[in-house]
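# Fold and contact review
Okay, here's what each chain looks like letter by letter:
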Amino acid sequence: MISSKAYAALSATKPLQPFRLERRDPRPDDIVIEIAYCGICHSDIHTARGEWGPTAYPCVPGHEIVGTVVATGKKVRGFKLGDLAGVGCLVDSCGTCKACRASEEQFCQKHIAFTYNSTELDGKTPTQGGYSTHIVVREKYAFRIKKGVPLARVAPLLCAGITTYSPLKRHKIGKGHRVGVVGLGGLGHMAVKLSRAMGAHVTVFSTSRNKERDAKQLGASDFVLSTKPANFEPLTGTLDFIIDTVSAKHDFTPYLMALKNDATMVLVGASPLPSEVLASSLIMGRKRLAGSLIGGVRETQEMLDFCFRKKIYCDIELIPAAKINEAYERTIKGDVKYRFVIDAATF
Ligand code: NAP
Ligand code: ZN
């Protein structure tokens, strides 16, 4: 077994605390990654606090993982010692169902092994995430990271990057499209950078007046303070696409009104509480409300390569492990620019 220092949530109400974790010895198709950095996603907070339903404690969160390969199983072909590697939200899936065959492993019909608060394919061994010094993963679910990139700023691409890239690609966002991004947090700031890089004109909707200047620096052309209903009026029927990254319950209606006819609003923000939708806000203009979950293995590598080519990285605040609980509180308040990343050397 590989002993790993980690931080874990032991219950929904207690702060995370230092924790010892035993990782499996590498199987023939596994790589062992010494983790350098791990991002803090709001999903970590929802899960650590049991907001999405029962969490299996102890839970080591973290699915924005980058580091160096320090061991490989006998059959590993894609990685060698010293390579940089990343791990996102999935560590395994059946590999044979229709979704897996299409490299949409996040929708595996048999067993999706999420990186934490899930189980391996045996259905019983708990998976544990990246707030730790090491992770052991099948090479198929690890991603190649180019040498020389700012590694800490790459980590959040493994979730915030792919979760926003995937729906933008699926909806063929490109030059001339008017895209709305709702919520300027970890996912939102990546949605702005990626939509801009794809050629879109971006409007940010935010509850935080003080994020206007950042929104523009990140690539947005317009900023709408979403706490004032009157601010939505000039936008009625103007947007081709909206990506909603908000982590809490809110009203979708004003955003649906801002869409053009036949346009789509994709939810990636996963509030634990249901929101109401006024039917006429979809009916009038035949609009669509859709969802999207991270991205598959192939698409995640494609997103990373796109970001490396275009030099798109996350804006981060690097913290030591001892600040994880403070970072959770600040993330909930929307007080992070724009992703906390843990320096794994401090576990
Ligand atoms: P985050 O950094 O906390 O950003 C969320 C943003 O939502 C905040 O910065 C804030 O932006 C806005 N917001 C927060 N509370 C709000 C409220 N009550 N009303 C309106 N706006 C509010 O979180 P994140 O890491 O980007 O994650 C966002 C959500 O996506 C979470 O629910 C997470 O679980 C989910 N997620 C989903 C997927 C997927 O595959 N679908 C993947 C990763 C994460 P402003 O200050 O600009 O208003
Ligand atoms: Zn995430």
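Note that the structure is predicted; figures quoted are calculated from it, not measured. (Residues numbered from 1 in each chain as written. Chains lettered and ligands numbered in written order. Predicted model: local features only at pLDDT ≥ 70, side-chain atom pairs only at ≥ 80, totals over all residues. Heavy atoms only, no water.)

### A closer look at the packing of aromatic side chains
Scanning the entire structure with this criterion turns up five aromatic pairs. The interplanar angle of 10° and the centroid separation of 5.5 Å between the aromatic rings of Phe-205 and Phe-232 together place this pair among those described as stacked. Linking Phe-205 in strand β11 (residues 201-206) with Phe-232 in the loop between β12 (222-225) and β13 (239-244), this pair joins segments that are 27 residues apart in sequence. For the pair Phe-205 and Phe-232, a shared accessibility class is recorded, and that class is buried. Aromatic side chains Phe-205 and Tyr-255 sit 5.1 Å apart centroid to centroid with 90° between the ring planes, which places their arrangement in the edge-to-face category. Residue Phe-205 is found in strand β11, and its partner Tyr-255 is found in helix α7 (residues 253-258); the two are separated by 50 residues along the sequence. The pair formed by Phe-205 and Tyr-255 is uniform in burial state, with each residue classed as buried. An aromatic cluster is built from Phe-205, Phe-232 and Tyr-255, whose rings are joined through pairwise contacts. (Phe/Tyr/Trp six-rings, centres within 6.5 Å; stacked < 30°, edge-to-face > 60°. Helix = DSSP H or I, 4+ residues; strand = E, 2+ residues; numbered from the N terminus. Buried < 20%, exposed > 50% of the residue type's maximum accessible area, 1.4 Å probe, protein only.)

### Details of helix α4 (residues 160-170)
With nine of its eleven residues buried, α4 lies for the most part within the structure. Taken as a whole, α4 has its buried residues at Ala-160, Gly-161, Ile-162, Thr-163, Thr-164, Tyr-165, Ser-166, Pro-167 and Leu-168. Within two residues after α4, Lys-172 carries a phi angle of roughly 50°, on the positive side.

### Topic: the coordination of the zinc ion (ligand 2)
Put simply, the ideal angle at a metal is 109.5 degrees for four donors in tetrahedral geometry and 90 or 180 degrees for six donors in octahedral geometry. The zinc ion (ligand 2) binds to the protein through Cys-41 (SG), His-63 (NE2) and Cys-159 (SG), with metal-donor distances spanning 2.0 to 2.2 Å. In the primary sequence, the donor residues of the zinc ion (ligand 2) line up as C-x21-H-x95-C. Linking Cys-41 in the loop between β3 (30-39) and α1 (42-48) with Cys-159 in the loop between α3 (151-154) and α4, this pair joins segments that are 118 residues apart in sequence. Pair check on accessibility: Cys-41 and Cys-159 agree, each one buried. (Donors = N, O, S within 2.8 Å, 3.2 Å for Na, K, Ca; no water.)

### Description of the packing of α4 against helix α9 (residues 297-310)
Direction vectors running N to C along α4 and α9 enclose 100°, while the axes themselves pass 10 Å from each other. Here α4 lies roughly perpendicular to α9, going by the angle between them. Here α4 contributes Gly-161, Ile-162, Tyr-165, Ser-166 and Lys-169 to the contact with α9, which in turn contributes Glu-299, Thr-300, Glu-302, Met-303 and Phe-306. A breakdown of the residues in the contact of α4 with α9 according to their chemical character gives four nonpolar, three polar and three charged. (Axes fitted to C-alpha atoms, helices over the stretch in contact; angles between N-to-C directions. Parallel < 35°, antiparallel > 145°, perpendicular 65-115°, else oblique. Contact = heavy atoms within 4.5 Å. Nonpolar A, V, L, I, M, F, W, Y, C, P; charged D, E, K, R; others polar.)

### A word on the domain arrangement of the chain
Looking at the chain, the domain boundaries give domain 1 (2-159 + 314-346) and domain 2 (161-291). Centre-to-centre separation of domain 1 and domain 2, based on C-alpha positions: 28 Å. Each partner contributes residues to the interface: domain 1 has 16 residues there, and domain 2 has 17 residues. In total, about 1,300 Å² of surface goes out of reach between domain 1 and domain 2, with carbon and sulfur atoms giving 52% of it. It is Leu-157, Cys-159 and Tyr-338 in domain 1 that bury the most area against domain 2; as a group they hold 42% of the surface buried on that side. Across the domain 1-domain 2 interface, the total number found is two salt bridges. Lys-337 is the salt-bridge partner of Asp-214, the closest N and O atoms lying 3.0 Å from each other. Seen at the junction of domain 1 and domain 2, the total is 13 residue pairs in polar contact (both at pLDDT 80 or more). For the side of domain 1 that touches domain 2, the per-class residue count stands at seven nonpolar, three polar and six charged. (Domains from an automatic or database assignment. Buried area = accessible area lost by both parts, 1.4 Å probe. Salt bridge = Lys/Arg side-chain N within 4 Å of Asp/Glu carboxyl O. Polar contact = N/O pair within 3.5 Å; in protein donor to acceptor, adjacent residues only side chain to side chain.)

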